[in-house]
Amino acid sequence: MMVRLLRWELRLGIRPLAVTLGWLGAFALASLVPVLLHVPVLGDLGRATAFASVFLLVPAWLLVLAWRYWTSMYGREGYFTMSLPVRGRLLFAAKTLFAAVVGLLGGGITVVAGLGVFAATTWAQGGSVAAALHTLRETLTGVPALLWIGVLGAVLSLLVLVVDVA
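Residues numbered from 1 in each chain as written. Predicted model: local features only at pLDDT ≥ 70, side-chain atom pairs only at ≥ 80, totals over all residues. Heavy atoms only, no water.

Turning to the overall build of the protein, a few remarks are in order. When helices and strands are tallied, the protein shows seven helices and zero strands. Mapped from its N terminus to its C terminus, the protein presents α and β elements in the order α-α-α-α-α-α-α. For 166 residues, the compact-globule estimate of 2.2 N^0.38 gives 15 Å, and the C-alpha radius of gyration of the protein, at 20 Å, exceeds that figure by more than 25%. Taking the principal axes of the C-alpha coordinates as reference, the protein spans close to 60 × 35 × 20 Å. Split into buried and exposed, the 166 residues of the protein put 33% on the buried side. In the protein, 72% of the contacts between residues at least 6 apart in sequence involve partners at least 24 apart. As displayed, the protein offers around 10,500 Å² of accessible surface, 76% of which is attributable to carbon and sulfur atoms. Across the protein, the mean location of the 11 positive side-chain charges is 15 Å away from that of the 5 negative side-chain charges. (Helix = DSSP H or I, 4+ residues; strand = E, 2+ residues; numbered from the N terminus. Rg over C-alpha atoms; globule rule 2.2 N^0.38 Å. Buried < 20%, exposed > 50% of the residue type's maximum accessible area, 1.4 Å probe, protein only. Contact = heavy atoms within 4.5 Å. Areas by Shrake-Rupley, 256 points an atom, 1.4 Å probe, with all protein chains shown as cover. Lys, Arg positive; Asp, Glu negative; His and termini not counted. Charge placed at Lys NZ, Arg CZ, Asp CG, Glu CD.)

We now examine the nonpolar core. Core analysis: the largest hydrophobic core is formed by 15 residues, its most contacted members being Leu 17, Trp 61, Leu 62, Leu 65, Phe 98, Val 102 and Val 162. Those elements that place two or more of their residues in this core are α1 (2-36), α3 (57-73), α5 (88-124) and α7 (145-165). When residues of this core are assigned to their parent elements, the largest contribution, seven residues, is made by α3. Among residues more than four places away in sequence, those in contact with Val 102 are Leu 17, Trp 61 and Leu 65. By size, the runner-up hydrophobic cluster in this structure holds eight residues, among which are Leu 32, Ala 50, Val 54 and Ala 124. (Core = buried A, V, L, I, M, F, W, Y, C linked by side-chain atoms within 4.5 Å.)

A separate point is the environment of Ala 48. By the secondary structure assignment, Ala 48 is in helix α2 (residues 40-55). Exposure remark for Ala 48: the relative accessible area of 44% places this residue in the partly exposed category. Along the sequence, Ala 48 and Ser 31 sit 17 residues apart, while their C-alpha atoms lie 8.4 Å from each other.

A cluster of nonpolar residues, Leu 104, Leu 140, Leu 147, Trp 148, Val 151 and Val 155, forms a patch on the protein surface that exposes about 500 Å² of accessible area. The element best represented in the nonpolar patch is α7, accounting for four residues. Assignment of secondary structure puts Leu 140 in helix α6 (residues 129-141). (Patch = residues over 30% accessible without salt bridge, like charges linked within 9 Å, V, L, I, M, F, W, Y side chains within 5 Å. Salt bridge = Lys/Arg side-chain N within 4 Å of Asp/Glu carboxyl O.)

In structure tokens:
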């Protein structure tokens, strides 16, 4: 039954998540236009807004999922959800597990999109993208283990946030 509930969550949640991703992605790409055109003041503002829109993906997706949780449990669709022949804790577990997976997926998309914005701004400034990514990779390999523990802590913090909000 858990697989069926997760499939149901995916089917109902994929559209608002995709719309949010599309709007934030379009905003990030539109923000990069002044950077690529070398507009003096707007280029710096565009770079900042592109990074901000990329890093707002996870909070935006979690807000969308919190809204979906509320509407499917207590809103208009709540009558259907509560009529399912499953215990409430299974519904809670399915919705929480789905939100955790979406949050982690959003974190991965954020890292990839952040690297894309980094590469685009490096290229717009006339630098070599390969050299900048190589420097970034060398910097990350020389990072002490304490920083990697911090990254693990951030992932665990995201998971705890999902459970707390649910």
